[in-house]
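The primary structure of each chain is shown beneath.
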Amino acid sequence: MVSTCLLLLSLRYTPIRHTSTLAKVIKNRLNLELDSIRQAGTWKSERIISTSQSSHIKIENSENDLLNFCANNYLGLANNSEIIHAAKKALDDYGAGLSSVRFICGTQTIHKQLEQRIAKFHQREDAILYISCFDANAGIFETLLKEQDCIISDELNHASIIDGIRLCKAKRLRYKHKDMSDLELKLKESYNENHDNIIRLIATDGVFSMDGTIAPLSDIKYLADKYNGLIFVDECHATGFFGRTGRGTEEYFNMIGTIDIINSTLGKALGGAAGGYTTGSKVLIDLLRQRSRPYLFSNTLPPPVVASAIKAIDLIENNPNLPERVHENAKYFRNEMQKLGFKILGDNHPICPVMLGDARLASQFADEMLKRGIYVIGFSYPVVPKDRARIRVQVSAAHSKDDLQRCINAFAEVGRQFKVIK
Ligand code: PLP
């Protein structure tokens, strides 16, 4: 009896000793990794905003008004009064949240309304909501693709697409960024599989968030048709403002309705709250509702968020010229910065990456800009490749000409200080 008790005691104590040693090992390892991030000058500290999201904000411990050039608030709708009103009304009518996933008891009339509005906006048969586009990207590939299939993706695709692809069992091929000859090679490689019944899915961002480049969708479509492939496009940096009436990259290339699957976010131009979706054929959406894991195992979107997205779509549909302003602003900013001698990456898009190369320089540059009342952020590894650090300026429809000029003037001053320009 005594020996049994001793044995039980020793069994109880052993894991505790083990846990504390393990905790030390983990702590040391994590501290080493954190130190290496600090030493590389790539530490990301979060500034705390004390106002609503807008082109003019305040941050904690500062009385000064800052000009904000780093939100995805492309249409300036994040603090739009009509959207706020719609969200408040939904809070009163439908409550704060559903405490449920969609298929148990998490679907309200407004969820169905928003899905129909999204499908109509993109001219598709149906749409399915997720709590984020990250989740939409996590759910799509695993649900759609089987072992015999093949996914061919642009090397610069967003992290959420990369992670989503990791979850599926299909053969994975990667083509060089926007390189159509390489895509064709990879499509041919997928053909060697010698299966009739396989899906070849080409996956690309519509607009690439770090570079502001645009996927050549019409060329991709040509190759997809030639090699019997389908196309998936992530439209997070296009929906609502890119293309003449904000229908995205498809509209920009005048090919609405031709892409097989579109994923996008409600958390950027469409009011900026949160949420994501997939839109496409009815069979695809039906299957996602049955099988997509982030949909089946995660909470439904809160009603105020749903209502704010519906109102954002109303505003965009009723004001077809709304996207014009952000593009005029982007054009002005890009031209003036290039005249000063800055290298701005990307195509004609409000994402304007100002290339600096060195990570530490990008971070110090952003700090100096902040001292001048301009809120921009330096992006460095692992968000962008090593030695490709940059400040990603994001222009919004909410910026006035005066706001843009203040930002450009500050860039000129700091650029000369760090000898980035003459
Ligand atoms: N895809 C792209 C291209 C993005 O830029 C982002 C957000 O940063 C996402 C997906 C994820 O969107 P969400 O914030 O809705 O999860």
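Owing to the predicted nature of the structure, the values given are computational and were not obtained by experimental measurement. (Residues numbered from 1 in each chain as written. Predicted model: local features only at pLDDT ≥ 70, side-chain atom pairs only at ≥ 80, totals over all residues. Heavy atoms only, no water.)

Let's talk about the overall build of the protein
Note the following rule: Counting from the N terminus, the helices are DSSP H or I runs at least four residues long and the strands are E runs at least two residues long. Atoms considered for the radius of gyration are the C-alpha atoms alone. The globule rule reads 2.2 Å times the number of residues to the power 0.38. A 1.4 Å probe rolled over the protein chains alone gives each residue an accessible area, and that area as a share of the maximum for its type sets the label: buried under 20%, exposed over 50%, partly exposed in between. Contact between two residues is taken to exist if any of their heavy atoms lie within 4.5 Å; hydrogens are not considered. Under the convention used here, a 1.4 Å probe and the Shrake-Rupley method define accessible areas, while residue burial counts only the protein chains that appear. We treat Lys and Arg as the positive residues and Asp and Glu as the negative residues; His and chain ends play no part in the count. Charge positions come from single atoms, namely NZ of Lys, CZ of Arg, CG of Asp or CD of Glu.
Summing up its helical and strand segments, the protein has 15 helices and 13 strands in all. A compact globule built from 422 residues should have a C-alpha radius of gyration of about 22 Å, and the protein, at 24 Å, falls within 12% of that. With the principal axes as the frame, the protein shows a C-alpha extent of 85 × 55 × 50 Å. Here the protein, with 422 residues, has 51% of them falling under the buried criterion. Restricting to contacts in the protein with at least 6 residues of sequence separation, those with at least 24 account for 70%. When the accessible area of the protein is evaluated, it comes to approximately 20600 Å², of which 52% is carbon and sulfur surface. Positive and negative side-chain charges of the protein, numbering 54 and 48 respectively, have mean locations separated by a distance of 5 Å.

A few points about the domain arrangement of the protein
How we decide: Note that domain bounds follow an automatic or database assignment of domains. Here the quantity called buried area is the accessible surface, traced with a 1.4 Å probe, that two parts lose on coming together, added over both.
What the domain assignment lists for the protein is domain 1 (46–75 + 320–418) and domain 2 (81–318). Look at where the C-alpha atoms of domain 1 and domain 2 centre, and you get two points 27 Å apart. With 24 residues of domain 1 at the interface, the matching set in domain 2 holds 23 residues. Regarding the contact of domain 1 and domain 2, the summed buried area is about 1700 Å², with carbon and sulfur atoms giving 61% of it.

A short note on the pattern of salt bridges
Where charged atoms from two side chains of opposite charge come close, those side chains can pair. We count it as follows: Any Lys or Arg side-chain nitrogen located within 4 Å of an Asp or Glu carboxyl oxygen qualifies as a salt bridge.
Going through the model one piece at a time under the given rule, you end up with 23 salt bridges. We note a salt bridge from Asp-314 to Arg-117, for which the minimum N-O separation is 2.8 Å. One end of the pair, Asp-314, is in helix α12 (residues 303–318); the other, Arg-117, is in helix α4 (residues 109–122), and 197 residues separate them in sequence. Across the pair, exposure class does not vary: Asp-314 and Arg-117 are buried alike. Here Glu-368 and Arg-372 are joined by a salt bridge, their closest N and O atoms 3.0 Å apart. Judged by its relative accessible area of 13%, Glu-368 is buried.

Quick word on the pairing of strand β9 (residues 276–280)
Put simply, the test is: Any two strands with at least two DSSP-identified bridges between them are counted as paired.
Most of β9 is tucked away, with five of its five residues classed as buried. The alternating pattern of β9 places Gly-276, Thr-278 and Gly-280 on one face and Tyr-277 and Thr-279 on the opposite face, and all of these are buried. Pairing of strand β3 (residues 126–130) with β9 involves five bridges; the strand directions are antiparallel. The residue bridging Asp-126 from the neighbouring strand is Gly-280, located in β9.

Focus on the site of the ligand
Operational definition: Any residue with at least one heavy atom within 4 Å of a molecule or strand is counted as near it. Counting of polar contacts relies on pairs of N or O atoms within 3.5 Å, with two restrictions inside protein: one atom must be capable of donating a hydrogen and the other of accepting it, and residues adjacent in sequence are counted only when both atoms are side-chain atoms.
Taken together, 13 residues lie around the ligand, and Cys-133, Asp-234, His-237, Thr-265 and Lys-268 are the ones closest in. With respect to the ligand, the side chain of His-237 contributes an N or O atom lying 2.7 Å from an oxygen atom. Here Lys-268 contributes a side-chain N or O atom positioned 3.0 Å from an oxygen atom of the ligand. If the ligand stood free it would expose 390 Å²; the protein chains cover 80% of that surface.

Side note on the layout of surface pockets
Formally: Site definitions follow a grid-based scheme: protein atoms alone, a 1 Å grid, a 1.4 Å probe that fits but cannot get out for cavities, and for pockets an open set with protein on both sides within 12 Å along at least five of seven lines, plus lining residues having an atom within 4 Å of a point. Grid points are joined across faces, edges and corners, and a volume is the space filled by probe spheres set on the points.
What the second largest pocket holds in volume is close to 220 Å³. Contributions of two or more residues to the lining of the second largest pocket are made by α1 (2–39) and α14 (359–371).

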